[in-house]
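Chain and residue survey
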Amino acid sequence: MRRRNFLQKGFAAGSAALLSSAVIAGQNSPKPNTAADIADKPFNLNYGIHDGMFKNSAGNDFIDQIKFAYDMGFRAIEDNGMMDRPADQQEKIGNALAKLNMGMGVFVHGFDHWPVSTSLCSGNKDWREKFLQYTKQAIDVAKRCNGKLITVVPGNYDRSLPMGYQTANVIESLRMAAAILEPHNLVMVLEPLSDTPDLFLRHPDQTFAICKSVSSPSCKILFDMYHMQRNEGDLIPNIDKAWEEIAYFQIGDNPGRNEPTTGEMNYKNIFKHIYNKGYKGILGMEHGKSQPGKEGEMILIKAYRACDDFLM
């Protein structure tokens with residue numbers, strides 16, 4: 001999805017000393033030297049990498065990055081733009097995941113792209129038909145890439161309609177889509193976002209109410225912890241309140257939307273809480289890297305090792 005092409009922060013070429021001292025913000029871990037130094041067993045939770053996250057270490061080919069990630073202990077991916085990939089590429093990724101016994105996280109429903117339109121909120125029949133057509137296409141995409149979860153963003157507010165009517169429009173469209181997906185055991189995950197105040201879906205309680213109204217196993221919540229930290233904070237209590245309808249998590253520290261340990265969020269405690277609640281799904285690594293190049297990729301892996309070390 002075009003809205004999520006993360007920019008990596010550049011540093012001067014002679015900043016090796018800075019990189020050495022900033023391995024993990026707030027941690028005393030030694031600087032990782034090579035991938036071999038930090039290759040390890042699988043993580044306690046199942047973190048899903050993105051295309052490009054390890055391109056400096058593994059090259060530009062996503063399959064090679066997936067293999068590299070496996071060697072580093074990761075056991076899943078997510079790919080927002082999967083629906084925009086050619087069918088043969090979707091299948092190639094799915095085959096690679098199957099061979100490595102890795103999971104496929106979310107891909108984004110392709111009926112709308114960033115910046116989003118009023119789409120489902122408006123009740124416009126053309127938008128609804130487009131949404132349902134792409135829902136049907138998503139079934140084939142999911143089969144090719146071994147996916148089960150499809151991110152849905154209902155779009156922006158329609159300022160010409162009161163909130164109640166917009167909510168009803170969204171629920172009606174989602175019920176239709178859920179009926180399409182249920183026979184295939186596929187799940188739409190609704191994602192509240194923080195990007196702009198024009199977005200219709202911004203809070204977990206609102207998303208929870210919509211999922212309850214749709215009342216389908218094919219309509220659940222994607223709890224993106226970066227967005228929810230920006231919108232309201234109080235993450236652990238809000239995770240608990242929405243838990244019954246949460247089917248997926250995404251990760252990103254705030255501010256900066258980079259790897260855990262680079263901002264204000266205590267991901268070690270958050271991960272421990274999610275683990276103790278019995279979550280068995282994938283947590284998508286939907287963020288950038290705080291440092292450039294191969295060293296930045298090693299820093300990212302080291303940060304996940306530190307935050308995943310919550311079993312005492």
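1. Concerning the overall build of the chain
Within the chain, the secondary structure is distributed over 13 helices and 9 strands. The buried share of the chain, taken over its 312 residues, is 54%. Taking contacts inside the chain between residues at least 6 apart in sequence as the whole, the part at least 24 apart equals 78%. Here the chain displays about 13300 Å² of accessible surface, and carbon together with sulfur accounts for 47% of that area.

2. As for the sheet that holds strand E9 (residues 282-284)
The 9 strands lie next to each other as E3-E2-E1-E9-E8-E7-E6-E5-E4, forming an open sheet whose pairing is parallel. Only two strands of the sheet have a single partner each, and these edge strands are strand E3 (103-104) and strand E4 (106-108). Strand direction decides the pairing type here: strand E7 (residues 219-224) and strand E8 (residues 246-250), joined by 4 bridges, are parallel. Within E8, the residue paired with Leu 222 across the bridge is Tyr 248.

3. Here we look at the packing of helix H12 (residues 267-276) against helix H13 (residues 293-307)
Contact pair H12 / H13: the axes reach a minimum separation of 8 Å and the direction vectors enclose 55°. Judged by the inter-axis angle, H12 sits oblique to H13. Here Tyr 267, Lys 268 and Phe 271 of H12 come into contact with H13, specifically with Tyr 304, Ala 306 and Cys 307. Broken down by class, the residue content of the contact of H12 with H13 amounts to 5 nonpolar, no polar and 1 charged.

4. Topic: unusual backbone geometry
In this model, Trp 114 is joined to Pro 115 through a cis peptide bond whose omega is 0°. Its location among the elements puts Pro 115 in the loop between E4 and helix H6 (119-122). Cis geometry marks the peptide bond from Asn 254 to Pro 255; its omega dihedral reads 0°. With respect to the element layout, Pro 255 can be found in the loop between E8 and H12. Look at Asn 146: it is not a glycine, yet its phi comes out positive at around 65°. In this structure, Asn 146 sits in the loop between helix H7 (125-145) and strand E5 (149-152). You will see that Ser 215, though not glycine, has its phi angle at about 55°, which is positive. By the element assignment, Ser 215 lies in the loop between helix H9 (204-214) and E7.

5. Thoughts on the packing of aromatic side chains
By the definition in use, this model includes 17 aromatic pairs. On the numbers, 6.0 Å between centres and 90° between planes, the contact of Phe 111 with Trp 127 is edge-to-face. One end of the pair, Phe 111, is in the loop between E4 and H6; the other, Trp 127, is in helix H7, with 16 residues separating them in the sequence. Since its relative accessible area comes to 2%, Phe 111 is described here as buried. Seen from their ring centres, Tyr 157 and Phe 200 are 6.0 Å apart, and the 75° between their planes marks the pair as edge-to-face. Here Phe 200 lies in the loop between strand E6 (187-190) and H9 and Tyr 157 lies in the loop between E5 and helix H8 (163-181), a separation of 43 residues in the sequence. Look at Tyr 157 and you get partly exposed, because its relative accessible area is 21%.

6. Here's the deal with the side chain of Asp 79
In this fold, Asp 79 is placed in the loop between strand E2 (76-77) and helix H5 (87-100). The residues contacting Asp 79, other than those within four sequence positions of it, are Asp 51, Phe 62, Arg 85, Met 104, Val 106, Phe 107 and Val 108.

7. Re the side chain of Asn 169
Along the chain, the position of Asn 169 falls in helix H8. Classification of Asn 169 by relative accessible area gives buried; the value is 15%. The contacts of Asn 169, once residues within four sequence positions are left out, are Leu 120, Cys 121, Ser 122, Gly 123, Arg 128 and Leu 161.

8. Description of the confidence of the model for the chain
A residue-level look at the chain finds 88% of positions with pLDDT of 70 or above and a mean pLDDT of 91. Within the chain, the element-level pLDDT minimum falls on helix H1 (residues 16-21), averaging 36, and the maximum on E8, averaging 99. Of the regions scoring below 50 in pLDDT, residues 1-30 engages in 62 contacts with residues more than four places distant in sequence or in other chains.

9. Structural notes on the pairing of E6
By the alternation rule, side chains of E6 split into Val 187 and Val 189 and Met 188 and Leu 190, which are all buried. Judged from the 4 bridges that link them, E5 and E6 form a sheet pairing that is parallel. Counted as the bridge partner of Ile 150 is Met 188 from E6. As for the winding sense of the linkage, the β-α-β connection from E5 through H8 to E6 is right-handed. Here E6 pairs with E7 via 3 bridges, running parallel. In the strand pairing of E7, Val 189 is matched with Lys 220. Remark: the E6/H9/E7 crossover connection has right-handed handedness.

Reading guide: rules and limits
Residues numbered from 1 in each chain as written. Predicted model: local features only at pLDDT ≥ 70, side-chain atom pairs only at ≥ 80, totals over all residues. Heavy atoms only, no water. Helix = DSSP H or I, 4+ residues; strand = E, 2+ residues; numbered from the N terminus. Buried < 20%, exposed > 50% of the residue type's maximum accessible area, 1.4 Å probe, protein only. Contact = heavy atoms within 4.5 Å. Areas by Shrake-Rupley, 256 points an atom, 1.4 Å probe, with all protein chains shown as cover. Pairing = 2+ DSSP bridges. Axes fitted to C-alpha atoms, helices over the stretch in contact; angles between N-to-C directions. Parallel < 35°, antiparallel > 145°, perpendicular 65-115°, else oblique. Nonpolar A, V, L, I, M, F, W, Y, C, P; charged D, E, K, R; others polar. Phe/Tyr/Trp six-rings, centres within 6.5 Å; stacked < 30°, edge-to-face > 60°. pLDDT = per-residue confidence, 0-100. Right-handed = clockwise from strand over helix to strand, strands pointing away.

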